[in-house]
Amino acid sequence: MGMLDLKREIAEILAKLLEDMDVEQIYGMLEQPPSPEMGDLAFPCFKLSRIFRKPPADIARELANKIPISRYIERVEPVSGYLNFFFKRSAVISDVLKQVLTERESFGSSWEGKGKTIVVDYSAPNIAKPFHIGHLLSTIIGHSLCRIFKFLGYNVVGINHLGDWGTQFGKLIAAYRRWGSRERVERDQIKELMDLYVRFHEEAEKDPSLEDEGRNWFARLEKGDREALELWQWFKNISLEEFKRVYRILGIEFDSYAGESFYVDKVWDVVEELRSKNLLKESEGARIVDLEPYGMPPFLILKKDGSTLYATRDIAAALYRKKAYDFHKCVYVVGATQILHFRQWIKVIELMGYRWAKDIVHVPFGTVSLEGKKLATRKGQVVLLEDLLTEAVKKTLEIIEEKNPGMENKNEVARQVGVGAVIFSHLYSSRIKDISFSWEEALNFDGETGPYVQYTHARTCSVLQKAGYTPGNSFDAGLLDTKEEYELAMALYRFPEKVREASGEYEPSVITRYLVEVAQAFNRFYHEHPILVEDEALRAARLALVDAARIVLSNGLWLIGLTSPERI
RNA sequence: GUCCCGGUGGCCUAAUGGAUAAGGUAGCGGAUUCCGGAUCCGCUGAUACGGGUUCAAUUCCUGUCCGGGACGCCA
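Residues numbered from 1 in each chain as written. Chains lettered and ligands numbered in written order. Predicted model: local features only at pLDDT ≥ 70, side-chain atom pairs only at ≥ 80, totals over all residues. Heavy atoms only, no water.

Engineer: Is there a simple way to think about the overall build of chain A in this case?
Structural biologist: From N to C terminus, chain A includes 21 helices and 13 strands. Seen along its three principal axes, the alpha-carbon backbone of chain A occupies a region of about 80 × 65 × 40 Å. Within chain A, buried positions represent 55% of all 568 residues. Carbon and sulfur atoms form 48% of the exposed surface of chain A, whose accessible area is close to 26,400 Å². (Helix = DSSP H or I, 4+ residues; strand = E, 2+ residues; numbered from the N terminus. Buried < 20%, exposed > 50% of the residue type's maximum accessible area, 1.4 Å probe, protein only. Areas by Shrake-Rupley, 256 points an atom, 1.4 Å probe, with all protein chains shown as cover.)

Engineer: Before we go on, may I ask you to explain the protein's contact with RNA strand B in this structure?
Structural biologist: Around RNA strand B, the structure places 68 residues, and the nearest of them are Tyr-82, Glu-260, Ser-430, Glu-448 and Arg-459. The sugar-phosphate backbone supplies 58% of the atoms of RNA strand B found within 4 Å of the protein. Between Ile-531 and RNA strand B, the recorded distance is 2.9 Å, taken from a backbone N or O atom to a base nitrogen. If one sorts the elements of the surface near RNA strand B by residue count, helix 17 (residues 450-467) sits on top with eight residues. (Near = heavy atom within 4 Å. Polar contact = N/O pair within 3.5 Å; in protein donor to acceptor, adjacent residues only side chain to side chain.)

Engineer: Sorry if this is basic, but what is going on with the pattern of salt bridges here?
Structural biologist: Side chains bearing opposite charge may pair, as long as their charged atoms lie close to each other. Taken as a whole, this structure holds 35 salt bridges when the rule is applied. The partner of Lys-322 in a salt bridge is Asp-326, and the shortest N-O contact between them spans 3.3 Å. Residue Arg-494 is joined to Glu-517 by a salt bridge in which the shortest nitrogen-to-oxygen separation is 3.3 Å. Here Arg-494 is found in the loop between helix 18 (483-493) and helix 19 (495-504), whereas its partner Glu-517 is found in helix 20 (residues 509-528), with 23 residues between them in sequence. Residue Arg-494 is classed as buried on the basis of its relative accessible area, which comes to 12%. (Salt bridge = Lys/Arg side-chain N within 4 Å of Asp/Glu carboxyl O.)

What is shown is where atoms sit, not what they do.
What follows is the structure, given as structure tokens:
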């Protein structure tokens with residue numbers, strides 16, 4: 001079935017009446033009126049005023065007289081320069097429900113991405129540091145984008161570009177050799193690595209020569225020194241184990257863990273290529289690419305001791321990925337603090353002559369602070385992600401014990417709802433906004449939250465089960481003639497366009513907020529109208545609406561990385 | 001210093017340049033003989049400030065103020 005697109009339908013009708021404008025132009029102008037009483041779709045006539053040399057109100061009035069009544073259009077009303085369309089509710093509800101109930105878990109999806117690959121680079125925690133709430137945003141935004149792209153038919157490659165290379169590992173090795181022991185690292189794992197790292201920085205304040213020692217060990221690592229490599233691999237394995245435990249809780253899997261170290265042997269080709277393309281300049285002993293003509297500071301490629309920087313590895317990684325995946329887009333979910341860095345290296349790729357530089361997309365997001373203060377691993381001023389998730393699950397379990405003590409798989413449901421609450425709240429506002437973490441807010445499950453949407457979904461399941469509902473039965477959508485039923489159906493109708501919007505803006509919050517909209521519409525309907533009524537025809541129609549709502553909630557929750565338990 | 005991002009009721013958040021600025025939370029007041037009260041309904045309350053562009057500005061331009069961030073040898 002083709003997608004039910006009422007906007008296009010109306011754009012086409014208008015295009016026939018307005019010779020100077022094409023369907024696309026009109027499509028872009030059509031908007032949703034501020035309130036349902038004003039109609040279902042509005043066409044503002046102000047811009048036409050200049051073309052026709054008439055007041056907008058006159059244009060709207062004249063158009064209103066010419067609009068043919070069709071399957072979906074019941075009437076049109078000119079109101080102060082707007083042409084407001086009122087749909088034939090029964091026809092719209094009927095077609096929306098038919099479509100949702102036919103397509104089911106694929107409702108809202110499409111094949112626009114067929115044959116195209118999108119690489120999504122996300123999460124990317126640093127080895128030897130604990131996984132804290134600062135890593136949460138990249139992880140869940142990236143994961144949600146992966147699901148959204150998949151839903152739209154793209155082939156998606158999710159990459160965890162681990163921070164597993166760099167001077168910090170030289171420092172860690174130096175610290176381990178000075179103060180560490182195998183037993184303690186084996187016992188305390190990442191915590192011990194963290195302590196060593198912190199101690200290094202403390203001691204380096206007093207004795208700056210330590211910094212050189214750390215850099216020296218990193219240089220040995222880059223040269224393939226056996227002892228350095230062994231220690232590094234060991235530390236990396238310890239970290240990976242911890243990270244994978246967190247990813248399992250979040251329900252996330254990656255297609256590749258190729259981190260920075262993977263590109264170490266590939267950077268020299270990049271350096272050589274930059275040299276041969278005359279992009280490399282010597283400056284203060286280091287090698288840079290001059291970006292002044294583009295209004296940016298110089299971009300450092302090689303340090304004066306000849307070792308590489310993460311910048312170099314970013315370029316190598318992009319070149320490698322283009323070759324390996326021939327991506328349509330390569331998306332980087334990395335914090336807003338790195339906007340300049342991305343602008344710089346993408347410009348360098350462009351200067352190297354690669355036209356696909358425009359397919360590299362940086363998706364920035366805001367900074368997480370702790371009750372207004374900066375997160376600082378070294379000062380121990382962090383909230384571990386695992387602690388947050390554990391607390392959220394614990395609190396959920398308490399609520400379940402209170403409200404639904406007889407439930408069977410309490411622990412599993414508490415896990416899904418608790419983790420879901422954390423993900424949901426972090427995907428609720430526009431990603432660019434900074435987040436000030438507070439325990440109180442993080443554990444508040446009232447209002448526009450994950451539990452609210454999951455609760456609503458569970459409620460749909462509960463009604464359907466009580467009714468002994470089986471999908472596929474025929475129903476008369478004409479019986480759904482109330483305001484609440486229509487508004488719910490219209491909310492469901494909007495799902496596919498919300499998915500497209502979320503994808504186009506790389507913005508999962510579009511889906512998150514939309515889910516609240518649907519849940520609110522459902523709960524209003526549920527409260528106003530009994531579903532399990534005597535009248536069998538009405539009952540069948542309302543059950544179909546409930547099932548459709550259930551499907552959309554479930555599909556939408558999946559897109560932001562949440563589950564849809566049938567009971568909570 | 002240069003550049004980037006943000007500023008909307010007490011707090012959090014929304015609004016492709018469009019109509020009466022939309023929700024949540026907190027506060028107050030209501031709703032359950034019936035499908036799950038983690039629900040629903042009502043009340044109170046907001047675009048930092050000045051100028052400009054426009055028929056129309058929360059949105060675009062400009063200046064000021066406030067908060068965050070980036071700007072060579074970390075990642």
